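Architecture at a glance
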Amino acid sequence: MVGHAFMGAAHSHAWRNAARVFDLPLEPRMVAVAGTSPERTAAAAQRLGWSEAVTDWRELIERDDIDVIDICTPSDTHREIAVAALAAGKHVLCEKPLANSLAEADEMAEAARKAAELGIWASCGFTYRRQPAVALARQLIQDGSLGTIRHVRVTYLQDWLSNEKAEHSWRLDASRSGSGALGDLGAHAIDLAQWVLGEKITTLSARTRIFVDARPSAGSGNLEPVTVDDAAFVLAEFSDGVIGTIEASRYALGRKNAFGFEINGSNGSVAWEFERNNELQRYDGGADPRSAGFTRVLVTEPSHPYLQNWWPAGHTLGYDHAFVNQAADFVTSICAGLQPTPSFADAAYVQRVLSAVQLSENSHQWQAV
């Protein structure tokens, strides 16, 4: 694994536990983690369960005892690591967003396509797909339970930047992060909307805003410019005629990790929010109008996605469990010689949508994706 901060900790938890929860064809062995600081990386290796710590990720792709490279670093490093790892014959799991630009994402997708011809697989970590309630919503849409889908609304709201005196970080520098709320939160929202519906965004109109244009440096206290968006709003059309809205903000005071959607069809609706992630709200359009209303479905039954491997009904899952589900899916696909999902091509299409959002903001016009 490359990187050992927030995402590195979540992915490490997954690698430690996937074979203990799921009956996998092979058990992952956590060989080595790479970081920039010898002291911090060694401490992370011990804390997170890695056998070794190194300070150059290139050492990992040169080793014969490593089969998978898991990339948990800032997005400006994804392309170089992923392309090199695939060329070296390593399977790759890479955190989202796939890259900082469409050109980089397309290069990564092409590298993954060539590697797949040799049985080397790559996948991008849009982990919310592995929330059981989200996977159930997709099943209901795909089997026609909601009828013809008409529109979708997706929001991903946080408030950690709402304090105007909060310090500057790499996430506020376009050269490091590519974009702000758009790529950090909006990428998840775009992927989830497309995956749950089974359709692609084809055209869009968008607006982005920067609310605070400079913040104090963590080291000196000097003001550094903010070069990424603080909020993004998208009006989207999908390939099957569905219309939708996508909203991402890191200034929504009071919202800590408020990711959710509502999808309305001709026969019913579903709604989900991460802060109540074990629940799916379902409306049956054919119910008796005298008692019709949204029904709370507690998604913890063995018949629900992923739940046959977890706890008894009613014993809920949390944020970390989706990463375990993701690791299990990744290993299972690789051992079966199948493309794990989402592919780099899927993630590159999300990057294509992000690029269209920025073009729409600049031109104040609708953009084709």
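Whatever comes next refers back to the structure up there.
Residues numbered from 1 in each chain as written. Predicted model: local features only at pLDDT ≥ 70, side-chain atom pairs only at ≥ 80, totals over all residues. Heavy atoms only, no water.

Some details on the overall build of the protein chain
Scanning the protein chain from terminus to terminus reveals 10 helices and 16 strands. In terms of overall dimensions, the protein chain is globule-like: its C-alpha atoms have a radius of gyration of 21 Å, near the 21 Å expected for 369 residues. Within the protein chain, the proportion of its 369 residues that are buried is 53%. Per element, the accessible surface of the protein chain, about 16200 Å² overall, is 50% carbon and sulfur. Distance from the positive charge centre (32 side chains) to the negative charge centre (45 side chains) of the protein chain: 3 Å. (Helix = DSSP H or I, 4+ residues; strand = E, 2+ residues; numbered from the N terminus. Rg over C-alpha atoms; globule rule 2.2 N^0.38 Å. Buried < 20%, exposed > 50% of the residue type's maximum accessible area, 1.4 Å probe, protein only. Areas by Shrake-Rupley, 256 points an atom, 1.4 Å probe, with all protein chains shown as cover. Lys, Arg positive; Asp, Glu negative; His and termini not counted. Charge placed at Lys NZ, Arg CZ, Asp CG, Glu CD.)

Some remarks on helix α5 (residues 102–116)
Its 15 residues place the ends of α5 21 Å apart at the C-alpha level, agreeing with the 21 Å of an ideal helix rising 1.5 Å per residue. Taken together, the buried positions of α5 are Ala105, Met108, Ala109, Ala111, Ala112 and Ala115. For α5, the buried positions fall inside an angular range of 160 degrees around the axis, keeping them on one side. In the core, the buried residues of α5 are packed alongside α4 (78–87), β4 (91–95), β5 (122–125) and α10 (344–363). (Expected span 1.5 Å × (residues − 1). Arc of directions from axis to C-beta. Contact = heavy atoms within 4.5 Å.)

Here we look at the side chain of aspartate 184
Locating aspartate 184 in the fold gives a position in helix α8 (residues 181–197). A polar contact is formed between the side chain of aspartate 184 and the side chain of arginine 171, at a distance of 3.5 Å. Of the polar contacts made by the side chain of aspartate 184, one reaches the side chain of arginine 250; its length is 3.0 Å. For aspartate 184, the residues in contact, after removing those within four places along its chain, are Lys96, Arg171 and Arg250. (Polar contact = N/O pair within 3.5 Å; in protein donor to acceptor, adjacent residues only side chain to side chain.)

Quick word on unusual backbone geometry
Here the bond from lysine 96 into proline 97 is cis, since omega is -15 degrees, no more than 30 degrees from zero. Within the secondary structure, proline 97 is located in the loop between β4 and α5. Cis geometry is found at the peptide bond from threonine 341 to proline 342, where omega equals -5 degrees. Note on placement: proline 342 falls in the loop between α9 (319–335) and α10. Of note, the phi angle at tyrosine 306 is positive, near 75 degrees, even though the residue is not glycine. For tyrosine 306, the position within the fold is in the loop between β15 (295–298) and α9.

Concerning the pattern of salt bridges
Under the defined criterion, the tally for this structure stands at 19 salt bridges. Across the pair aspartate 184 and lysine 96 runs a salt bridge whose closest N-O atoms are separated by 3.6 Å. Of the two residues, aspartate 184 is situated in helix α8 and lysine 96 in the loop between β4 and α5; the sequence distance between them amounts to 88 residues. Measuring nitrogen to oxygen at the nearest pair gives 3.0 Å for the salt bridge that ties glutamate 262 to arginine 153. A residue pair is termed long-range when its members are at least 10 positions apart, and glutamate 262 in strand β12 (residues 258–265) and arginine 153 in strand β6 (residues 149–157) qualify at 109 residues. A relative accessible area of 32% means that arginine 153 is categorised as partly exposed. Residues joined by salt bridges that share partners form a network here, namely Lys96, Arg171, Asp184 and Arg250. (Salt bridge = Lys/Arg side-chain N within 4 Å of Asp/Glu carboxyl O.)

Re the packing of helix α6 (residues 132–142) against α8
Running from N to C, α6 and α8 point in directions that differ by 40 degrees, and their axes come no closer than 8 Å. The angle between α6 and α8 places the two elements in the oblique class. Where α6 abuts α8, its residues Val134, Ala135, Ala137, Arg138, Ile141 and Gln142 lie against Leu192, Trp195, Val196 and Leu197. Of the residues in the contact of α6 with α8, the class split is 8 nonpolar, 1 polar and 1 charged. (Axes fitted to C-alpha atoms, helices over the stretch in contact; angles between N-to-C directions. Parallel < 35°, antiparallel > 145°, perpendicular 65-115°, else oblique. Nonpolar A, V, L, I, M, F, W, Y, C, P; charged D, E, K, R; others polar.)

Details of the sheet that holds strand β3 (residues 68–71)
What the 3 strands build is an open sheet, ordered β3-β4-β5; its pairing is parallel. The sheet is open, and its two borders are formed by β3 and β5, each paired with just one other strand. Pairs of neighbouring strands in the sheet enclose a mean axial angle of 15 degrees, with direction left out of account. Pairing of β4 with β5 involves 4 bridges; the strand directions are parallel. By the bridge assignment, leucine 93 is partnered in β5 with serine 123. Against the sheet, α10 engages β4 and β5, with an angle of about 45 degrees to β5. (Pairing = 2+ DSSP bridges.)

Regarding the sheet that holds strand β13 (residues 268–273)
Taken in spatial order, the 9 strands of this open sheet run β15-β14-β13-β12-β6-β11-β10-β7-β16, and their pairing is mixed. Every interior strand has two partners, whereas the edge strands, β15 and β16 (367–368), have only one. In terms of strand pairing, strand β7 (residues 201–209) meets β16 through 2 bridges, oriented antiparallel. Within β16, the residue paired with leucine 204 across the bridge is glutamine 367. Against the sheet, α6 touches β6, β12, β13, β14 (279–284) and β15, its axis set at about 25 degrees to β14. Most of the contacts of α10 go to β7, to which it runs at about 55 degrees, and overall it touches β7, β10 (231–238) and β16.

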